Amino acid sequence: MKLAIISDLHSNREGLEAVIADVRRRGITDVVCLGDVVGYGPDPEFCVDLVRRQCRWCLMGNHDEALFRDASDFNPHARGAIEYTRRRMQPRWWSSGERRARWTFLNGLPMRVEEGRFLFVHGSPRDPVREYVLSTDGMLNPDKLRSIFESFEDVAVGGHTHQPGVHDEELEFHGLNGASELTFPLPAGRKFFVNVGSTGQPRDGDSRACYAVLEEHQVSWYRVPYDFRTTMEKIQRTGQLSEMLARRLAIGK
């Protein structure tokens, strides 16, 4: 088993292309996505099309779900991006078949997948789309994290927080701390919650795109430089997406 996992692409074409190129350079052919293909960024159609072509499966993220349900609990920047994405992607009676196919694909995404010892979600095993498993939960909210660990067996894998790393059974979070690569063992008989990080909008102080490679008894993360300034300029040129969404790409927070 050698599975490349991308998550939280957020309509960032440049970040996604850089990550997929790095995945292929490593000779990995099996790729999956943990959701949030859209939201925040300027290129939703491209990212949906690439995921449909390159990924064996893709999960429903909260930004994907918000296209079809409700974004009232999002902050104004995120809510504005959902409205922008919906205007671009929602089919009308005259829309092309390709536009309809993208919309149908996003609306039909599953909320969880299980393969072997691994449970894959976007958020958490308790709420696979919306609950955050934060890097600080072991210190600031240990009862929540213990409850999450009780809700799954073996290894759970998610995204959503945009913070790559792993929680162990002692509730300690092991992050990348600026490293370009990190491998962490996942021995049998112990529980872990793995966060694969974000391809399209990192939030751990590192502006490079991130993805993970999962094997039976270990997980590895890779940071990939990409031309985020081009993505920033494209966000600004829309005249509809928040300037804050562009700035966040540069600072990785």
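Whatever comes next refers back to the structure up there.
Keep in mind that this is a model prediction, so the values were computed, not measured.

Of all the residues in helix α8 (residues 228–238), the buried ones are Phe 228, Thr 231, Met 232, Lys 234, Ile 235 and Thr 238. In an axial view of α8, the angular spread of the buried residues amounts to 165 degrees, which keeps them on one side of the axis. Within α8, the exposed residues directed more than 90 degrees away from the buried face are Arg 229 and Arg 237. On its buried side, α8 packs onto α1 (13–25), α4 (76–89) and α9 (243–251).

This brings us to the environment of Leu 9. Note on placement: Leu 9 falls in the loop between β1 (2–6) and α1. A residue is classified by how much of its surface remains accessible, and Leu 9, at 0% relative accessible area, is buried. In this structure, the C-alpha to C-alpha distance between Leu 9 and Glu 150, residues 141 residues apart in sequence, is 29 Å.

Formed by 48 residues in total, the largest nonpolar core has its most connected members in Ile 6, Cys 33, Val 37, Leu 106 and Tyr 211. Beyond its immediate stretch of four places on either side in the chain, Ile 6 contacts Leu 16, Val 19, Val 31, Val 32, Cys 33, Leu 34, Cys 55, Thr 199 and Tyr 211. If you look at the next biggest cluster of nonpolar residues, it comprises 23 residues, including Val 113, Val 166, Leu 176 and Ala 212.

The next point concerns the side chain of Thr 85. With respect to the helices, strands and loops of the structure, Thr 85 is situated in helix α4. For Thr 85, the side chain forms a polar contact with the main-chain oxygen of Ala 81, separated by 2.8 Å. Not counting residues within four places of it along the chain, the set of residues in contact with Thr 85 comprises Val 38, Gly 39, Pro 44 and Leu 67.

The next point concerns the pairing of strand β6 (residues 165–168). Every second residue of β6 is oriented toward a common face, with Gly 165 and His 167 on one face and Val 166 and Asp 168 on the other, all of them buried. Relative to strand β7 (residues 173–175), β6 runs antiparallel, the two sharing three bridges. If you follow His 167 over to β7, its bridge partner there is Phe 173. Taking the residues that link successive antiparallel strands as the turn, the β6-β7 hairpin has four residues, and the phi of Leu 171 there is positive, at about 70 degrees. Here β6 pairs with strand β9 (residues 192–195) via four bridges, running antiparallel. Looking across to β9, one finds that Val 166 is bridged to Val 194.

A few words on unusual backbone geometry. In terms of backbone geometry, most residues other than glycine have negative phi values and most peptide bonds are trans. If you check the backbone angles, His 160 has positive phi at about 75 degrees while not being a glycine. Relative to the assigned elements, His 160 resides in the loop between β5 (155–158) and β6. A residue is classified by how much of its surface remains accessible, and His 160, at 2% relative accessible area, is buried. You will see that His 162, though not glycine, has its phi angle at about 65 degrees, which is positive. Taking the relative accessible area as the measure of exposure, His 162 reaches 2% and is therefore buried.

Moving on, we get to the sheet that holds strand β3 (residues 112–115). In space, the six strands of this open sheet follow the order β3-β4-β5-β9-β6-β7, with mixed pairing throughout. Because the sheet does not close on itself, it has two edges, and the strands there are β3 and β7. The sheet shows a mean angle of 20 degrees between the axes of neighbouring strands, taken without regard to direction.

To continue, consider the sheet that holds strand β10 (residues 209–215). Strand order in this open sheet of five strands is β2-β1-β10-β11-β8, and the pairing throughout is mixed. A strand with exactly one partner marks an edge of an open sheet, and here the two such strands are β2 (31–33) and β8 (181–185). Strand-to-strand twist across the sheet, computed as the mean angle between neighbouring axes with direction ignored, equals 25 degrees. Where β1 meets β2, three bridges bridge the pair, whose relative direction is parallel. Paired with Ile 5 across the strands is Val 32, a residue of β2. Set on the sheet, α1 makes contact with β1, β2, β10 and β11 (218–224); between it and β10 the angle comes to about 35 degrees.

What counts and what doesn't
Residues numbered from 1 in each chain as written. Predicted model: local features only at pLDDT ≥ 70, side-chain atom pairs only at ≥ 80, totals over all residues. Heavy atoms only, no water. Buried < 20%, exposed > 50% of the residue type's maximum accessible area, 1.4 Å probe, protein only. Helix = DSSP H or I, 4+ residues; strand = E, 2+ residues; numbered from the N terminus. Arc of directions from axis to C-beta. Contact = heavy atoms within 4.5 Å. Core = buried A, V, L, I, M, F, W, Y, C linked by side-chain atoms within 4.5 Å. Polar contact = N/O pair within 3.5 Å; in protein donor to acceptor, adjacent residues only side chain to side chain. Pairing = 2+ DSSP bridges. Axes fitted to C-alpha atoms, helices over the stretch in contact; angles between N-to-C directions.

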